[in-house]
Amino acid sequence: MMLPNTSSATNEDKITLLQRDGRQNEIPLLENRFRIDYKVDEITLLFFRKPGAPAVVLVKPDGSKYYATSARKDDNLQWFDELSYDLITIKQPMPGPWQVVGSILPKSRIVVLGEVELQAEPLPPLLFRGETVKITGQILNDGEPIQVGLFRDVVSLNVDFISTNNSDFANFGAGTQNVAEFKDDGRGFDERPKDGIFTGEFKLVFPAGQWRPELYIETPLLKRTVVQDLIEVKEPPFSYEIALAEDDLQEHHLTITLDNQIVQPETVLIQGKIYYPNNEEQMFTLDAKNSLTRQLTIKNYDWGRYSVELSVFGTNVNGREFMATLPTYKFEIERPIEVVPELPAPIITPAQQQEIERVAKEAESMATITFISLIVGGNLLVLLLGWLAIRVFVQKKSIMPKINLPFLKKKTAVENEPQSNEKKELDKNGSKSDRSGEILNLSMSDD
């Protein structure tokens, strides 16, 4: 898109001058054009476009262009291309008519950020753990509320609690607790949308002790922080004492004692819910009265775990109304141990007693004999194993004995008997030849 001819009086009337004197910081876009005065040393522009649309393009008075990528090369330009807006800071901008090209929303305005500051109500000095706290804050631009609702959509009010790390308190070493983030959208605890006031509530669920609250807003180009005075978050000003039922017909009684140095007892109203071991639930309400104690009756459902949730509403000693969610109170009834009745001892006659003693002595004697037999058998087994080891590994002999059978001896005697007769015959003749030799001599004579 080409820059319009600024020499035309009609066009000059449509181009609005952007000033940095604090009197005009928000202007509507006229045909996506605006004019920057020569007195401006630095300007921050905010353009809102359709979500997901590409970043806008700025056309300078000389016809050259600024793109989102130009910020990498130009030290005088900072450009943050977000999902639905472009936040641009230009140092020493060129005076004259400028034009913006892109999918800019119809109701979009150019917001020239000046001296942006955050105003917030101080937190109450007296707080206790579990309490719900309401807080409000407002963003000002050059001392005036920012009227552009789209701008408030891109900023949030954050609340941090920073531990002082005082070893005298329970929050020593607790660090930073981010407790809330608020938007001016009319949701949650915000009272009205687009009214320039951030309203929200948060619960003090972190440890009791000394804290420093910090409230801040942060955008890609700026951050404004409000550091408030130190506060001390105390423990809940309520203590408990349970009186358990002594039998099945009685009920349990939970006594809640109030600390009148923190709260006004006559203004304290308590309500909550009881969870019984049989999964039954019971709502209850304890009305306000002048007494420092409140007593809650709890049905006796025998053994098991009981839980009591408590919410408290009242006024503290400083006259500030409060509401708080107290830690869940729990107690448990142990399961009773069933006692088995003892059986009556049997009546034993003298004869039966003598028989029992006789059997006992016999059993004792048998046990002694068995024990001695085991010892003797064990020793014999050890000796046998020792003898076998010596015979095999030391004497190198077989562990199997040589067996002589009678019928084998007779057979051997029969086989040896002919040899004995022949021997005798040889002895008589004095010759070494035997009959068998004569029989086997088949040689022919000379005749």
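Residues numbered from 1 in each chain as written. Predicted model: local features only at pLDDT ≥ 70, side-chain atom pairs only at ≥ 80, totals over all residues. Heavy atoms only, no water.

- An unreviewed UniProt entry lists the chain under the name TIGR03503 family protein, from Pseudoalteromonas rhizosphaerae.

**Overview of the overall build of the chain**
Point 1. Helix and strand content of the chain: 5 helices and 27 strands.
Point 2. Per-residue burial over the chain gives 32% buried out of 447 residues.
Point 3. Put simply, of all contacts in the chain between residues at least 6 apart along the chain, 63% involve residues at least 24 apart.
Point 4. Surface exposure of the chain reaches about 28800 Å², of which carbon and sulfur atoms provide 53%. (Helix = DSSP H or I, 4+ residues; strand = E, 2+ residues; numbered from the N terminus. Buried < 20%, exposed > 50% of the residue type's maximum accessible area, 1.4 Å probe, protein only. Contact = heavy atoms within 4.5 Å. Areas by Shrake-Rupley, 256 points an atom, 1.4 Å probe, with all protein chains shown as cover.)

**Overview of the nonpolar core**
Point 1. Membership of the largest hydrophobic core comes to 26 residues, with the highest contact counts inside it found for Ile-256, Ile-270, Phe-284, Leu-296, Ile-298, Val-308 and Leu-310.
Point 2. Counting only elements with at least two residues in this core, the list comes to strand E12 (126-128), strand E22 (252-258), strand E23 (269-275), strand E24 (281-286), strand E25 (293-298), strand E26 (304-315) and strand E27 (321-333).
Point 3. With sequence-adjacent residues up to four places away left out, Leu-310 is seen in contact with Tyr-240, Ile-256, Ile-270, Gln-271, Phe-284, Ala-324, Thr-325, Leu-326, Pro-327 and Tyr-329.
Point 4. Counting 22 residues, the second largest nonpolar core, distinct from the first, contains Leu-118, Ile-135, Phe-161 and Ile-231. (Core = buried A, V, L, I, M, F, W, Y, C linked by side-chain atoms within 4.5 Å.)

**Let's talk about a negative patch on the surface**
Point 1. A surface patch of negative charge is lined by Glu-246, Asp-247, Asp-248 and Asp-302.
Point 2. For Asp-247, the location among the structural elements is in the loop between strand E21 (238-243) and E22.
Point 3. Exposure remark for Asp-247: the relative accessible area of 37% places this residue in the partly exposed category. (Patch = residues over 30% accessible without salt bridge, like charges linked within 9 Å, V, L, I, M, F, W, Y side chains within 5 Å. Salt bridge = Lys/Arg side-chain N within 4 Å of Asp/Glu carboxyl O. Lys, Arg positive; Asp, Glu negative; His and termini not counted. Charge placed at Lys NZ, Arg CZ, Asp CG, Glu CD.)

**Structural notes on the packing of aromatic side chains**
Each aromatic ring pair is summarised here by two numbers: the centre-to-centre distance and the angle between the ring planes.
Point 1. One pass over the full model with this rule turns up 15 aromatic pairs.
Point 2. A ring pair is formed by Phe-161 and Phe-202, whose centres lie 5.9 Å apart and whose planes are at 65 degrees; its orientation type is edge-to-face. Highlighted residues: Phe-161 in strand E15 (residues 157-163) and Phe-202 in strand E17 (residues 197-203), separated in sequence by 41 residues. Here Phe-161 matches Phe-202 in class, with each residue buried.
Point 3. Pairing Tyr-276 with Tyr-306 gives two aromatic rings, centres 6.0 Å apart and planes at 80 degrees, and the pair type is edge-to-face. Placement of Tyr-276 in the loop between E23 and E24 and of Tyr-306 in strand E26 is noted, with a sequence separation of 30 residues between them.
Point 4. When its relative accessible area of 3% is taken as the criterion, Tyr-276 is described as buried.
Point 5. Through pairs of rings, three or more aromatic residues link up here, namely Tyr-240, Tyr-276, Tyr-301, Tyr-306, Tyr-329 and Phe-331. (Phe/Tyr/Trp six-rings, centres within 6.5 Å; stacked < 30°, edge-to-face > 60°.)

**As for the sheet that holds E22**
Point 1. Strand order in the open sheet formed by 3 strands is E21-E22-E25, with antiparallel pairing between adjacent strands. The open sheet is flanked by E21 and E25, the only strands paired with a single partner. Between one strand axis and the next, the sheet turns through 20 degrees on average, direction left out of account.
Point 2. Bridge analysis of E21 against E22 gives 6 bridges, and the strand direction is antiparallel. The residue of E22 that forms the bridge with Phe-238 is Leu-258. (Pairing = 2+ DSSP bridges. Axes fitted to C-alpha atoms, helices over the stretch in contact; angles between N-to-C directions.)

**Here we look at the pairing of E25**
Point 1. The side-chain alternation of E25 yields one buried face, formed by Arg-294, Leu-296 and Ile-298, and one unburied face, formed by Thr-293, Gln-295 and Thr-297.
Point 2. As defined by bridge partners, E22 adjoins E25 across 6 bridges and the pair is classed as antiparallel. Within the sheet, the bridge partner assigned to Thr-257 lies in E25 and is Thr-293.

**Concerning the pairing of strand E7 (residues 77-81)**
Point 1. In terms of strand pairing, E7 meets strand E8 (residues 85-91) through 5 bridges, oriented antiparallel. For Phe-80, the partnering residue across the bridge sits in E8 and is Leu-87.
Point 2. Between the end of E7 and the start of E8, which pair antiparallel, lie 3 residues.

**Description of unusual backbone geometry**
Point 1. Non-glycine residue Asn-165 carries a positive phi angle of around 55 degrees.
Point 2. Structurally, the position occupied by Asn-165 is in the loop between E15 and strand E16 (176-182).
Point 3. For Asn-165, a relative accessible area of 41% gives the class partly exposed.
Point 4. You will see that Asn-279, though not glycine, has its phi angle at about 70 degrees, which is positive.

**What about the pattern of salt bridges?**
Point 1. Inspection of every chain in the model, using the stated rule, returns 9 salt bridges.
Point 2. In this structure, Arg-49 engages Asp-86 in a salt bridge whose closest nitrogen and oxygen atoms are separated by 2.6 Å. Taken as a pair, Arg-49 in the loop between strand E4 (42-48) and strand E5 (57-59) and Asp-86 in strand E8 lie far apart in primary sequence, 37 residues in all.
Point 3. Its relative accessible area of 1% is what places Arg-49 among the buried residues.
Point 4. Overall, Asp-86 belongs to the buried group, its relative accessible area being 0%.
Point 5. Put simply, Glu-232 and Lys-234 hold a salt bridge, and the shortest N to O gap is 3.5 Å.

**Observations concerning the side chain of Thr-199**
Point 1. Along the chain, the position of Thr-199 falls in strand E17.
Point 2. You can call Thr-199 buried: its relative accessible area is 4%.
Point 3. Those residues in contact with Thr-199 that lie beyond four places of it in its chain are Lys-134, Ile-135, Thr-136, Phe-182, Phe-189, Asp-190 and Glu-191.

**A look at the sheet that holds E4**
Point 1. Within the open sheet, the 3 strands sit side by side as E4-E8-E7. Their pairing is antiparallel. Two strands in the sheet have a free side with no partner beyond their single neighbour: E4 and E7. Across the sheet, the mean angle from the axis of one strand to that of its neighbour is 10 degrees, orientation sign disregarded.

**Considering the side chain of Arg-49**
Point 1. Separated by 2.4 Å, the side chains of Arg-49 and Asp-81 make a polar contact.
Point 2. Apart from the residues within four sequence positions on either side, Arg-49 is in contact with Pro-54, Ala-55, Val-56, Asp-81, Glu-82, Leu-83, Ser-84, Tyr-85, Asp-86, Ser-103, Ile-104 and Leu-105. (Polar contact = N/O pair within 3.5 Å; in protein donor to acceptor, adjacent residues only side chain to side chain.)

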